[in-house]
Amino acid sequence: MIVDETQWLALLKKRFGFASFRPLQKEIIHDAVNGRDVFALLPTGGGKSLCFQMPALICPNLTVVASPLIALMKDQVDALQASGIPATFLNSSLNPTESRRRLYGLHTGQYRLLYVAPERLMLSGFMEDIKKWNPNLIAVDEAHCISEWGHDFRPEYRQLARLREFLPQTPMMALTATATHRVRADILTQLRLRNPKCYVASFNRPNLTYRVVAKSKPSAQVLQLLRARPHDSGIVYCQSRNSAEKLAEFLGANRVQARPYHAGLTPGQRTENQEAFLRDEVRVICATIAFGMGINKPNVRFVIHYDLPKNIEGYYQETGRAGRDGLPSDCVLLFSASDVVKQTGFIDEKTDPREQKIAREQLQQMVHYAEASNCRRVELLEYFGETHAEENCGGCDNCLTPRDTMDGTLAAQKFLSCVYRIREKSGFGVGLNHVIEVLTGADTDKLRRWGHEKLSTYGIGREHDRPEWAAIGRELVRFGFLRQTSEKFSTLELTDEGRAALRERRKVTLTRPMKAIEMKQAAPRAGEIACDEVLFDRLRQLRKRLGDERNVPAYIILSDVALKQMARFYPSKPADFARISGVGEKKLIEFGSQFLEEISIHLQHHPRQVFGDDFALPAEMPVTRMEASAGISASIRITLDAFNSGQSVERIATDRGLAVSTIYTHLGEAAEAGEPVELERFFTAEQVKEVAAAFAANSGTGLKTVREALGNRYEYGPLRIFRALMEGALNR
Ligand code: ADP
Ligand code: MG
Ligand code: ZN
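Fair warning: this is a prediction, and the values are worked out from it, not measured in the lab.

Participant: So what about the pairing of strand S2 (residues 63-66)? Which residues, and what values?
Facilitator: In S2, alternate side chains face the same way, and those of Thr63 and Val65 on one face and Val64 and Ala66 on the other are all buried. As judged from the four bridges shared by S2 and strand S4 (residues 113-116), these two strands associate in the parallel manner. By the bridge assignment, Ala66 is partnered in S4 with Val116. Strand direction decides the pairing type here: S2 and strand S5 (residues 137-140), joined by four bridges, are parallel. Among the inter-strand pairings, Val65 is bridged to a residue of S5, identified as Ala139.

Structure (structure tokens):
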């Protein structure tokens, strides 16, 4: 076990390519490797995975990770393997042969991490297997799945509690981005965590900008938003399957590649559309809330809500899927009064009165958020019991372009008296829209049937259009002058407060109605990395090619952050490339030359752009010293160094995520290049004589013949090294 914490940083760079820990990561890792139970509440993008992946490298044995989704497991294992970390998963997607192969690997200690579906844990004999592997740590990712109160309850997660009985000594780690206290408490009890150390990070996501836009022609508005960011990918959340489907179609017809995702599609179609999105083949996914968990795509640049979400918790989780990589990303909510009416209608159809009450409260909070004129961030965080101190967050519409206020005394008088007159005349209340029709002097059958065109307030409000009156009406509701009944047809009623305001002609200050989309934003945005956009685009294409070749999403190769850093600092040699975020040992070797070449080609045709010194790359890290020495490649050098420091071939293969035969090839090539490889590690003095004789007797033939001559008692690997050394010695 690596106990020296200063070595952890070297390990972090070498394996993950990161120069420093994110907030709380180091503390969480520290407790876990010291055997303590940990409960980690970090927002989406907070870097939870690393909290159990680092212990897996620090400690000698296996780390077991429970994870709820097949796609999620595969994604994380792909990412680990791309970084040269031996990891695997077991779930229902594997055929028996493949499962057996992986189990064999587990029994022979070839992996550092195992991801499992909770239902798999319950298969007979599997718990005993795990016990045999003597894991260092059991991590429960997306731990909120254990709670019925959460948004993603999975009954099979309940079984995880049994792990504790089976492995009473093994420390457990529960991780989630759940912000509600009820779910948090539930996780602690359900998982039976023992005196856990609880870590709670701030749920503020500084790189996300929150906006609410008055919804008028939503499809056109979405299209406009998408056209403003032609290279970015993102999610548009719709309320219904139908609207998700229609919107995707509409966008497609307007040359924006989009796919739908909802529970009405077959599992096959859903997977296909999700994959297309992850692999950047389409840049927009139009989805219901069925889409989301398990989307680890770090470069989701926007989340648009086409319809009003049901509650703030859901809204926060959905918007949270934007900008996991820390780069600036946008969250836009399209909001209209008619959505509120629609939602109220759905709630009215519910039969359980308790459920109805909760849904109404939640909707009210959501509407309150949408109509708030103060900082959105403050509103969101307050909902989760967190206070946000900053005056101006610089990352929400209300802080960026404060909404003007206006003297609304006259407008309020007109509106309130109109409500009053209608009730006086008809004896019943009417909805918001009808009041507005009277105010603006509309000519409808209903109006005439009820004689409302004869009211003294008819047509007195032509100075505002209908959406403006709707906003005024809703603000008067929020001020408490009007009450919106939540019956089937929601009507407006004057409150005592409203009657008093009307009588006393109280001075009222109103917010100026929201204008259409305004996306201007003063630079710099939180998390921004200014860079050479042409080069960035070029590197993005290279990354896509590399991803396709390996059959993994592009973000598994390197993050947007990495590409932006490259497009800003123009690294020209491996040591500089190694300073890029996410570049560890394996990626340096595997991708270094291709990215460096791409950058150098770009610089032949474009001038180097200069950026401020507000942002610098971390200093050179140990990994950079592994540049290729004369004769052998960097990769072979790593193998050789590890071998010469006493590690076994099997161990090196496991650590590097390479095949044992590859390691032998490395050693063979190193030997051929004249590097010292200790033969005594494979052969005794007696054996050396015997093998040398066999080579001599069969000179000019292949290894196979020599091996057979030796009765197949030796593996190819050592023989290959033997031959290389012999030939090397002959040539010198
Ligand atoms: P979470 O599970 O908390 O949502 P992830 O584990 O998926 O977050 O991490 C989000 C992103 O942050 C990933 O792209 C990951 O590579 C990156 N990341 C994690 N830790 C660090 C770090 N210490 N430095 C830089 N990037 C990090
Ligand atoms: Mg995660
Ligand atoms: Zn703000």
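Back to the write-up after that little detour.
Participant: Please provide a residue-by-residue account of the packing of helix H19 (residues 432-439) against helix H21 (residues 466-478), values included.
Facilitator: Viewed as axis vectors pointing N to C, H19 and H21 meet at an angle of 125 degrees, and their least axial separation amounts to 10 Å. When the interaxial angle is binned, H19 and H21 end up oblique. Crossing angle aside, the handedness with which H19 passes H21 is right-handed. Within the contact between the two elements, H19 uses Leu432, Ile436, Glu437 and Leu439 and H21 uses Arg466, Trp469, Ala470, Gly473 and Arg474. Along the lines of polarity and charge, the residues of the contact of H19 with H21 split into five nonpolar, one polar and three charged.

Participant: Please provide a residue-by-residue account of the domain arrangement of the chain, values included.
Facilitator: You can read the domains of the chain as domain 1 (5-200), domain 2 (208-351 + 362-400), domain 3 (405-507), domain 4 (533-609) and domain 5 (630-731). With centres defined by C-alpha atoms, the gap from domain 2 to domain 3 works out at 32 Å.

Participant: Which residues make up the nonpolar core, and what values go with them?
Facilitator: In this structure, Met54, Met173, Met566 and Phe595 are the most contacted members of the largest nonpolar core, which totals 140 residues. For this core, the element with the highest residue contribution is helix H3 (residues 48-58), accounting for seven residues. Once residues lying within four places of it in the same chain are set aside, the contact partners of Met566 are Leu535, Leu539, Leu558, Pro571, Phe577, Ile580, Phe595 and Ile599. With 30 residues, the next largest nonpolar core counts Met406, Leu432, Leu439 and Leu476 among its residues.

Participant: Give a detailed account of the pattern of salt bridges, specifying residues and quantitative values.
Facilitator: All told, the structure shown has 55 salt bridges when counted by the stated rule. Between Arg192 and Glu165 there is a salt bridge, and its shortest N-O distance comes to 3.1 Å. Of the two residues, Arg192 is situated in the loop between helix H9 (181-190) and strand S7 (197-200) and Glu165 in helix H8 (residues 161-166); the sequence distance between them amounts to 27 residues. A salt bridge links Lys414 to Glu463; the nearest nitrogen and oxygen atoms lie 2.6 Å apart. Of this pair, Lys414 sits in helix H18 (residues 409-426) while Glu463 sits in the loop between helix H20 (445-449) and H21, and the two are 49 residues apart along the sequence. It is possible to trace a salt-bridge network through shared partners that takes in Arg211, Arg229, Asp330 and Arg525.

Participant: A description of the coordination of the zinc ion (ligand 3) should follow, citing residues and the corresponding values.
Facilitator: The protein atoms that coordinate the zinc ion (ligand 3) are Cys375 (SG), Cys393 (SG), Cys396 (SG) and Cys399 (SG), at distances of 2.3 to 2.4 Å. One way to put it: the four donor atoms around the zinc ion (ligand 3) meet at angles of 101 to 115 degrees, and that makes the site tetrahedral.

Participant: Please provide a residue-by-residue account of the site of ligand 1, values included.
Facilitator: Residues in contact with ligand 1 amount to 13 residues; listed here are only the nearest, Ser20, Gly45, Lys48, Ser49 and Arg324. With respect to ligand 1, the side chain of Ser49 contributes an N or O atom lying 2.6 Å from an oxygen atom. In this structure, Arg324 approaches ligand 1 through a side-chain N or O atom, which is 2.8 Å from an oxygen atom. Per-class residue counts for the shell around ligand 1 are three nonpolar, seven polar and three charged.

Conventions we followed
- Residues numbered from 1 in each chain as written.
- Chains lettered and ligands numbered in written order.
- Predicted model: local features only at pLDDT ≥ 70, side-chain atom pairs only at ≥ 80, totals over all residues.
- Heavy atoms only, no water.
- Buried < 20%, exposed > 50% of the residue type's maximum accessible area, 1.4 Å probe, protein only.
- Helix = DSSP H or I, 4+ residues; strand = E, 2+ residues; numbered from the N terminus.
- Pairing = 2+ DSSP bridges.
- Axes fitted to C-alpha atoms, helices over the stretch in contact; angles between N-to-C directions.
- Parallel < 35°, antiparallel > 145°, perpendicular 65-115°, else oblique.
- Left-handed = near helix turned anticlockwise from the far one by under 90°.
- Contact = heavy atoms within 4.5 Å.
- Nonpolar A, V, L, I, M, F, W, Y, C, P; charged D, E, K, R; others polar.
- Domains from an automatic or database assignment.
- Core = buried A, V, L, I, M, F, W, Y, C linked by side-chain atoms within 4.5 Å.
- Salt bridge = Lys/Arg side-chain N within 4 Å of Asp/Glu carboxyl O.
- Donors = N, O, S within 2.8 Å, 3.2 Å for Na, K, Ca; no water.
- Tetrahedral: all angles 85-135°; square planar, octahedral: opposite > 155°, others 65-115°.
- Near = heavy atom within 4 Å.
- Polar contact = N/O pair within 3.5 Å; in protein donor to acceptor, adjacent residues only side chain to side chain.

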